[in-house]
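Now for the letters of each chain:
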Amino acid sequence: MTQLFVDHKAPPRTGARLPAANRRVAIVGGGAAGTLSAIHLLRAASEPLDLAIVDAGGRFGPGVAYGTPDPLHLLNVPAGRMGGIAGRPDHFLRWLRARGHDVEEADFLPRRRYGEYLEAQLAAAIATADPASRITLHHAEAHRLAEKHGGGLILELSAGDSLEADHAVLAVGPLPGGDPVEVPAEVRASGRCVADPWRPRALDRAREASDVLIVGTGLTMVDVALSLATARPRMNLHAISRHGFVPRSHRRELTAIEPFPIPTDEGTIDQVAAAFFDRIAVVSQEGGDWRDVVDSARPLIPAVWQSLEPAEKRRFLARFQRLWEIHRFRVAPDGAERLAALRRAGRLRVSARRLARLEAIRGGVRAWLDGGDAGPEPLEVGAVISCCGAATDIRHAAPPLVAGLIDDGLARPDALGLGLDIGPGGALLDRAGRASLPVHVVGALRRGVEWEAISVTEIRDQADLVAREIVARRGAKALA
Ligand SMILES: Cc1cc2nc3c(=O)[nH]c(=O)nc-3n(C[C@H](O)[C@H](O)[C@H](O)COP(=O)(O)OP(=O)(O)OC[C@H]3O[C@@H](n4cnc5c(N)ncnc54)[C@H](O)[C@@H]3O)c2cc1C
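Quick summary incoming for the structure in this document. (Residues numbered from 1 in each chain as written. Predicted model: local features only at pLDDT ≥ 70, side-chain atom pairs only at ≥ 80, totals over all residues. Heavy atoms only, no water.)

**A look at the environment of R23**
1) Next: Tracing the backbone through its elements, the reader meets R23 in the loop between β1 (3–6) and β2 (24–28).
2) Next: A residue is classified by how much of its surface remains accessible, and R23, at 19% relative accessible area, is buried.
3) Next: Separated by 396 residues in the primary sequence, R23 and G419 place their C-alpha atoms 28 Å from one another. (Helix = DSSP H or I, 4+ residues; strand = E, 2+ residues; numbered from the N terminus. Buried < 20%, exposed > 50% of the residue type's maximum accessible area, 1.4 Å probe, protein only.)

Pasting the structure below:
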């Protein structure tokens, strides 16, 4: 029977079915990306595996996005497209229906349901893995990955433990975000400034406030605003961002995904944008919807992105990124309606402002906002929540594991510094641009190279390819 150890102290590798060399895979990150990597690997392996999954939070499946218990936090992709298995977009829908849920393809479900699905898929993959496999779930932070003298990899974990592996998958999620501005010590100590709204109980203090400032106006703002407004019906919410753009709504019907050609030969972002606008005009004339155009382009984006020079990519980030994101990362229709009702009632005010600084006041925080006609203006609130999302420059925001790889020359930032540079199939590239280590990247850290890399629709395909690559390499080495 497959051996499963849910502890950071797995028994030593001895015994009757001693795992052979070249079977050891370590996955860093137990969110959706790490979990889907493990599932695809267990499905693809034809020989026993010694698989370790390491997660700093000690949860294996939901990760940040699908760990929220709030039923108002909905998936932003219809159920019929959220299947976690490559080539089977309806896998999630079928799983739900097999459990008696009355769900339609176009429904937007609570994200916690998807967390349950991931946990169940991991459990099923473990249960059906080769009986001689050993799977260990480590509740630990991996802070260093290095080449082991004499071959292989060594992964150093918190509490002084370490793991040896023949292959590693980095599925560590997006770069950690931070405070939107410097937070005075007194404000920090009061717990009224929240840098990460997804931390357990992060919003407890804010729920007591009558006015809350939310910095950032994307999808996380939508979730936080709905949670807070529901918890405290008289609360006033102020949401600000540089542009004041709010994500657009999904339709209740599924979009029709028909690919269209996007030129990649001239390599300018203006040309790509023109192709989009032309297509939207044609689709609209034919009675279609711009959402069809955005969604149909998604599989093409990595190739289009790679055809652009770094300077053109930077122009995209400066000129089009926010516009792209509010059309691409849309709110589920129910969420959008709730948000619109809050805005109509004047309980949520969204504006294009910038947070300049914070100061502690009795019983709250004074936030100074730039960008109004009258210069910096004070806003007194009970709490400030940062919904600014992930950091965007790995050269300044890399967590220890990734920073160590870069410092040691085993990895390098992509051309824009949004994540790590990777080769075909997600192979980690070293300082010289070679795939010198048996390490692959799945998820957000591929963003600089592929751009469309962070949703389940992309992660499941990345996980599938990486699993196949690892299995193929094992075979090759076994023959050697
Ligand atoms: C709020 C939100 C909602 C979203 N909704 C959707 C949606 O509806 N549909 C969709 O397709 N996509 C959605 N996404 C996109 C989402 O990013 C992906 O679907 C997916 O959840 C990303 O998972 P991940 O494993 O890459 O990252 P994470 O969920 O962040 O998981 C990374 C894990 O790695 C662990 N980790 C990191 N570093 C280390 C280390 N050094 N050692 C040990 N462990 C480590 C962390 O503890 C964490 O558990 C959403 C994203 C967010 C933030």
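What follows continues from the structure just given.
**Notes on the site of the ligand**
1) Next: Neighbouring the ligand are 32 residues; D55, V64, Y66, N76 and A142 lie closest to it.
2) Next: Measuring from a nitrogen atom of the ligand, one finds a backbone N or O atom of A56 at 2.9 Å.
3) Next: Note that an oxygen atom of the ligand is positioned 2.9 Å from one of the backbone N or O atoms of V456.
4) Next: Contact with the protein chains hides 85% of the accessible area of the ligand, taken as 990 Å² for the molecule alone.
5) Next: Going through the elements one at a time, α1 (32–44), β3 (50–55) and α15 (456–479) are the ones with two or more residues in the shell around the ligand.
6) Next: Per-class residue counts for the shell around the ligand are 21 nonpolar, eight polar and three charged. (Near = heavy atom within 4 Å. Polar contact = N/O pair within 3.5 Å; in protein donor to acceptor, adjacent residues only side chain to side chain. Areas by Shrake-Rupley, 256 points an atom, 1.4 Å probe, with all protein chains shown as cover. Nonpolar A, V, L, I, M, F, W, Y, C, P; charged D, E, K, R; others polar.)

**Considerations on the pattern of salt bridges**
1) Next: Across all of its chains, the model carries 38 salt bridges by this definition.
2) Next: D179 is paired through a salt bridge with R188; the nearest N and O atoms lie 2.6 Å apart.
3) Next: A salt bridge links R395 to D393, with the shortest nitrogen-to-oxygen separation between them at 2.9 Å.
4) Next: Judged by its relative accessible area of 49%, R395 is partly exposed. (Salt bridge = Lys/Arg side-chain N within 4 Å of Asp/Glu carboxyl O.)

**Some words on the sheet that holds strand β15 (residues 377–381)**
1) Next: Read from one edge to the other, the open sheet built from three strands follows the order β13-β14-β15, with strand pairing classed as antiparallel. Of all strands in the sheet, those bounded by a partner on one side alone are β13 (354–361) and β15. Put simply, the sheet's adjacent strands are angled 25° from each other on average, direction ignored.
2) Next: As paired elements, β13 and strand β14 (residues 364–370) share seven bridges and run antiparallel to each other. Within the sheet, the bridge partner assigned to E359 lies in β14 and is R366. (Pairing = 2+ DSSP bridges. Axes fitted to C-alpha atoms, helices over the stretch in contact; angles between N-to-C directions.)

**Some points on the packing of aromatic side chains**
1) Next: Using the criterion set out here, one finds ten aromatic pairs in the structure.
2) Next: When the ring of Y114 is compared with that of Y117, the centres are 5.1 Å apart and the planes differ by 45°; the resulting orientation is tilted. One end of the pair, Y114, and the other, Y117, are both in helix α3 (residues 111–127), three residues apart, so they sit about a helical turn from each other.
3) Next: We classify Y117 as buried; its relative accessible area is 0%.
4) Next: Relative to W451, the ring of F316 has its centre 5.3 Å away and its plane inclined at 80°; by these criteria the two rings are edge-to-face. Of this pair, F316 sits in helix α9 (residues 310–319) while W451 is found in the loop between α14 (447–450) and α15, placing the two residues 135 residues apart along the sequence. For the pair F316 and W451, a shared accessibility class is recorded, and that class is buried.
5) Next: In this structure an aromatic cluster arises from ring pairing among Y66, F92, W95, Y114 and Y117.
6) Next: R447 extends its terminal NZ or CZ atom over the ring of W451, reaching a point 4.0 Å from the ring centre. (Phe/Tyr/Trp six-rings, centres within 6.5 Å; stacked < 30°, edge-to-face > 60°. Lys NZ or Arg CZ within 6 Å of the ring centre and 35° of its normal.)

**Remarks on unusual backbone geometry**
Glycine aside, the phi torsion of most residues is negative, and most peptide linkages are trans.
1) Next: Phi is positive for A159, which is not a glycine, with a value near 65°.
2) Next: When you line up the elements, A159 lands in the loop between β6 (153–157) and β7 (162–165).
3) Next: A159 sits in the exposed class, given a relative accessible area of 71%.
4) Next: One non-glycine residue, W451, lies in positive phi territory at about 65°.

**Side note on the pairing of β6**
A regular strand carries its side chains on alternate faces of the sheet.
1) Next: Covered by surrounding structure in β6 are L153, L155 and L157 only, the residues I154 and E156 on the alternate face being uncovered.
2) Next: Taken together, the five bridges between strand β5 (residues 142–147) and β6 define a ladder with antiparallel strand orientation. Looking at β6, one finds that L145 is bridged to L155.
3) Next: The loop that links β5 with its antiparallel partner β6 comprises five residues; one of these, G150, has a positive phi angle of about 90°.

**Describing helix α7 (residues 290–297)**
1) Next: In terms of burial, α7 is largely enclosed, as seven of its eight residues are buried.
2) Next: Along α7, the residues classified as buried are R291, D292, V293, V294, D295, S296 and A297.
3) Next: Summarising the contacts, the buried residues of α7 are in contact with α6 (269–285), α8 (301–307) and α10 (321–328).
4) Next: Regarding α7, its N-cap is D289, as a side-chain oxygen of that residue lies 2.8 Å from the backbone nitrogen of R291 further along. (Contact = heavy atoms within 4.5 Å.)

**Some words on the side chain of D292**
1) Next: Position of D292 among the secondary structure elements: in helix α7.
2) Next: Filtering out sequence-adjacent residues up to four positions away, D292 remains in contact with R251, T255 and A256.

**What about the nonpolar core?**
1) Next: Membership of the largest hydrophobic core comes to 45 residues, with the highest contact counts inside it found for L51, F92 and Y114.
2) Next: If you list the elements that add at least two residues to this core, you get β2, α1, β3, α2 (91–98), α3, β4 (134–139) and α15.
3) Next: In this structure, Y114 is in contact with Y66, L75, M82, G83, G84, F92 and V456, ignoring residues within four places of it in sequence. (Core = buried A, V, L, I, M, F, W, Y, C linked by side-chain atoms within 4.5 Å.)

**Points about the sheet that holds strand β12 (residues 348–352)**
1) Next: Read from one edge of the open sheet, five strands run β9-β16-β10-β11-β12, paired in parallel fashion. Single-partner strands in this sheet number two, and they are β9 (193–194) and β12.
2) Next: Pairing between strand β10 (residues 211–215) and strand β11 (residues 236–241): five bridges, direction parallel. Looking at β11, one finds that D211 is bridged to N236.

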